[in-house]
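Examination of the molecular architecture
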Amino acid sequence: MEEGLLQNENDLGVPDGDENDYGASQFANTLLGNMDPGWDEEMEDPGVNLADLTPEEREAYELKLQLQEKRQEVRDTSLFDEAQTAEHVNVKIRRRRDLKGHLTKVYAMDWSADARHVLSASQDSRLLVWDTYSGNKIHAIELKCSWVMCCSYAPSGNLVASGGLDNVCSVYDLNDEDANLSGKAIKVLTGHDGYLGECQFLSDKQILTSSGDHMCILWDIATGQQITTLKDHLGEVDCLSILPDNNTFLSGSTDATVKLWDLREGMCKQTLVGHLSDVVDCKWLANGLNFVTASDDGIVRLFDIRSDQEIAQYSYEYPQAGVSCVDTSLSGRIIFAGYDDFNVILWDTLLGDLLYVLSEHGAKVSCLGVDRDGVALCTGSWDNLLKIWN
């Protein structure tokens with residue numbers, strides 16, 4: 001864009017100097033694995049009557065309490081207390097462009113690797129690819145199913161994918177305009193028994209999907225075969241976030257948990273708890289050790305995989321609206337959260353301050369994302385619009 005959302009790191013209150021030095025020193029040091037969010041966790045559930053539990057249930061309950069005790073032992077400070085000396089953030093952001101073309105609710109969006117093009121999915125049965133520099137639509141794909149819930153842009157920029165209530169992941173080649181206009185996918189990946197909550201490309205050869213059938217599946221796109229099936233959630237899996245190494249990813253579920261997976265082993269390595277309702281979005285920070293989550297409980301939470309727990313919360317004093325989507329700035333210093341009450345709120349990761357409110361959408365903010373260069377923010381809404389901010 002003409003000007004950057006993060007024109008330089010000083011716009012985020014980050015001191016001058018190399019960005020990697022900052023990430024390795026001040027920011028990483030404040031995100032220590034032994035930080036306390038600042039509240040006490042109940043060690044026992046008053047609603048549990050041990051006499052009513054089977055021996056197996058009692059053993060599981062006691063193990064849960066032991067885990068809680070271990071987490072309490074390493075909570076010797078809070079993130080916000082440790083970061084009191086951090087410089088305050090100076091936010092410069094404004095709306096640059098509205099992307100108009102969808103006829104009904106926008107449900108999902110994804111940036112291309114070139115940080116210029118955006119893919120969007122709507123219940124008007126279309127995938128649209130936008131040039132955010134000009135605001136023009138450059139590709140349109142007619143979908144067989146209008147109930148689309150997710151979309152993804154391949155790293156090469158040649159392929160896109162979508163899925164929804166049809167329970168399949170459809171992959172399209174952007175270079176085949178005739179096929180796209182007729183809604184002909186180059187591959188339809190079938191195997192899930194529930195809606196597709198999320199799909200994300202690892203490469204032009206592989207894609208990862210999550211579903212209402214409680215599973216995540218890694219696919220070989222060329223053959224349409226399942227490479228790995230991952231199941232450990234107790235509820236629908238609505239969101240994914242993959243680390244750049246393509247070996248590790250997060251999944252968030254209606255069971256109110258986030259799970260950390262290793263694709264090489266096909267196993268869940270960690271289960272992180274804290275939310276009181278559905279986890280609808282999750283995003284890694286660039287350090288690969290922390291991630292943020294959005295939930296219907298109205299709270300954005302910051303987790304640390306080293307301490308196996310939540311280390312901070314960001315919310316109104318009395319949360320009234322669910323959080324529908326979340327992402328962070330390139331440095332990780334700012335959290336962008338979209339809400340059901342039509343707003344996008346910018347939170348200071350270190351200090352917990354509410355920095356800015358973007359209130360130009362006319363309906364629920366259903367999706368948002370920061371481009372890979374950290375230059376622009378795209379937001380999508382049930383008001384049929386996408387907006388570009390920088």
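Before any of the text, the structure's been laid out above.
No experiment lies behind these values; they were computed from the predicted model shown. (Residues numbered from 1 in each chain as written. Predicted model: local features only at pLDDT ≥ 70, side-chain atom pairs only at ≥ 80, totals over all residues. Heavy atoms only, no water.)

1. Brief notes about the sheet that holds strand β23 (residues 309-314)
If you walk across this open sheet you meet the four strands as β20-β21-β22-β23, and the pairing is antiparallel. In the strand order of this sheet, the two ends are held by β20 (279-284) and β23, each with one partner. With strand direction ignored, the average angle separating the axes of adjacent strands in the sheet is 25°. The pairing of strand β21 (residues 290-295) with strand β22 (residues 300-304) spans four bridges and is antiparallel. Bridge pairing in β22 places F291 opposite F303. (Pairing = 2+ DSSP bridges. Helix = DSSP H or I, 4+ residues; strand = E, 2+ residues; numbered from the N terminus. Axes fitted to C-alpha atoms, helices over the stretch in contact; angles between N-to-C directions.)

2. Examining the sheet that holds strand β10 (residues 169-173)
Judged by pairing direction, the sheet is antiparallel, and its four strands sit side by side in the order β8-β9-β10-β11 without closing on themselves. Whereas interior strands pair on both sides, the edge strands pair on one side only; in this sheet they are β8 (148-153) and β11 (187-189). Ignoring strand direction, the axes of neighbouring strands in this sheet form an average angle of 20°. Relative to β10, strand β9 (residues 159-164) runs antiparallel, the two sharing five bridges. When the bridges of β10 are listed, L159 appears paired with D173.

3. Section: the environment of S156
Within the element layout of this structure, S156 appears in the loop between β8 and β9. Each C-alpha atom of the pair S156 and S203 lies 7.6 Å from the other, and the pair is 47 residues apart in sequence. Engagement of the side chain of S156 in a polar contact is seen with the side chain of D204, the distance being 2.7 Å. (Polar contact = N/O pair within 3.5 Å; in protein donor to acceptor, adjacent residues only side chain to side chain.)

4. Observations concerning the pairing of strand β29 (residues 377-381)
Remark: a regular strand shows side chains that alternate across the two faces of the sheet. Of all five residues making up β29, five are buried, and the element is well covered by its neighbours. Taking every second residue as pointing to the same face, both faces of β29 are buried, with L377, T379 and S381 on one and C378 and G380 on the other. In this structure, strand β28 (residues 365-370) lies alongside β29, joined through five bridges in antiparallel fashion. Paired with C367 across the two strands is G380, which belongs to β29. (Buried < 20%, exposed > 50% of the residue type's maximum accessible area, 1.4 Å probe, protein only.)

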